[in-house]
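Each chain is listed here by its residues.
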Amino acid sequence: MKATNDTERTPVIQVRNLRNQFGSQVVHDQLNLDVWKGEVLGIVGGSGTGKSVLLRTIVGLNRPAAGSIHVLGADVLHGTRAERLETERRWGVAFQDGALFSSLTVLQNVMAPMREHLNLSHSLMKALGELKISLVGLPPFSCGKLPSELSGGMRKRAALARALALDPQIVFLDEPTAGLDPIGAAAYDDLIGELKRSLGLTVFMVTHDLDSLYAICDRIAVLAEKRVLVEGPIESMKDVDHPWVQEYFTGPRARAAQQSA
């Protein structure tokens, strides 16, 4: 992957002094993070470090106790509702379990964001939905299927198609390869890499999959001690003097993932 000069980089997500707290449990404290335009950023950390909480906070599903979040220049915590809706149109989210509407077909799921945010005819939304479904590698017959009629891998691709419905600049992925077999996971990684290149996407990816980290991530951000402990290219992680980072990035599974990358 090509290194990018700092002067050429544009932050599309800026998190400053973030504090997430649930009752007496403090998950994040003084957390700072920049996500750069056009990169795939992998968010990793041990159990309980709040990887998914961070994603949900950035997209507005969790209100932080303190801090600021700017996405594509917009203040997502303190902006007006109109500003918030405009910013939401510029990102897409695919959750770990897909979070598809169980009573809607795949095509209807993909069309749902269009119905909410766009004023288009049904025929145009249908054509765009079919295009997005094709874009993620699903066959045409999947358009009429319910989520329960799909395999796990197909549901993840359907969720990705819905995330792409509004032609977003940023895509948030929560454990996108969890539960997939190695072949399916590798194919999904390839798909994300191709979509990033062809659509110019910025990808914020929560994952524990070392193969994905080595295959498609430009940078890694490690959550530990209630903050972003370290960030940088995956090759630099082995030099970080922290027990969890050392165990995760220099263990046998990491060495196997590096050799297969």
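Residues numbered from 1 in each chain as written. Predicted model: local features only at pLDDT ≥ 70, side-chain atom pairs only at ≥ 80, totals over all residues. Heavy atoms only, no water.

Counted according to the given criterion, the structure contains 10 salt bridges. Put simply, R84 and E88 hold a salt bridge, and the shortest N to O gap is 2.9 Å. Residue R84 and its partner E88 are both found in helix α2 (residues 81–88); the two are separated by 4 residues, about one turn of the helix. Under the relative-accessibility criterion, E88 is labelled partly exposed at 21%. Salt bridges linked by common partners bring E39, R219 and E231 together as one network. (Salt bridge = Lys/Arg side-chain N within 4 Å of Asp/Glu carboxyl O. Helix = DSSP H or I, 4+ residues; strand = E, 2+ residues; numbered from the N terminus. Buried < 20%, exposed > 50% of the residue type's maximum accessible area, 1.4 Å probe, protein only.)

Moving on: the packing of aromatic side chains. Considering all chains together, one arrives at 4 aromatic pairs under this definition. Geometrically, the ring pair formed by F172 and F204 is tilted, given 5.4 Å between the ring centres and 50° between the ring planes. With F172 in strand β7 (residues 170–174) and F204 in strand β8 (residues 202–206), this residue pair connects regions lying 32 residues apart in the sequence. Taking the relative accessible area as the measure of exposure, F204 reaches 0% and is therefore buried. Relative to F249, the ring of Y248 lies with its centre 4.9 Å away and its plane at 80°, an arrangement referred to as edge-to-face. Take Y248 and F249: they sit in the same class, and that class is buried. (Phe/Tyr/Trp six-rings, centres within 6.5 Å; stacked < 30°, edge-to-face > 60°.)

Attention shifts here to the packing of helix α3 (residues 106–117) against helix α5 (residues 152–163). The N-to-C vectors of α3 and α5 enclose an angle of 30°; their axes lie 8 Å apart at closest approach. What the angle tells us is that α3 and α5 run roughly parallel. Here α3 and α5 pass one another in a crossing that is right-handed. Across the interface between the two elements, V106, N109, V110 and P113 of α3 pack against A158, A161 and R162 of α5. Residue composition of the contact of α3 with α5, grouped by class: 5 nonpolar, 1 polar and 1 charged. (Axes fitted to C-alpha atoms, helices over the stretch in contact; angles between N-to-C directions. Parallel < 35°, antiparallel > 145°, perpendicular 65-115°, else oblique. Left-handed = near helix turned anticlockwise from the far one by under 90°. Contact = heavy atoms within 4.5 Å. Nonpolar A, V, L, I, M, F, W, Y, C, P; charged D, E, K, R; others polar.)

As far as function goes, none of this settles anything; it's purely spatial.
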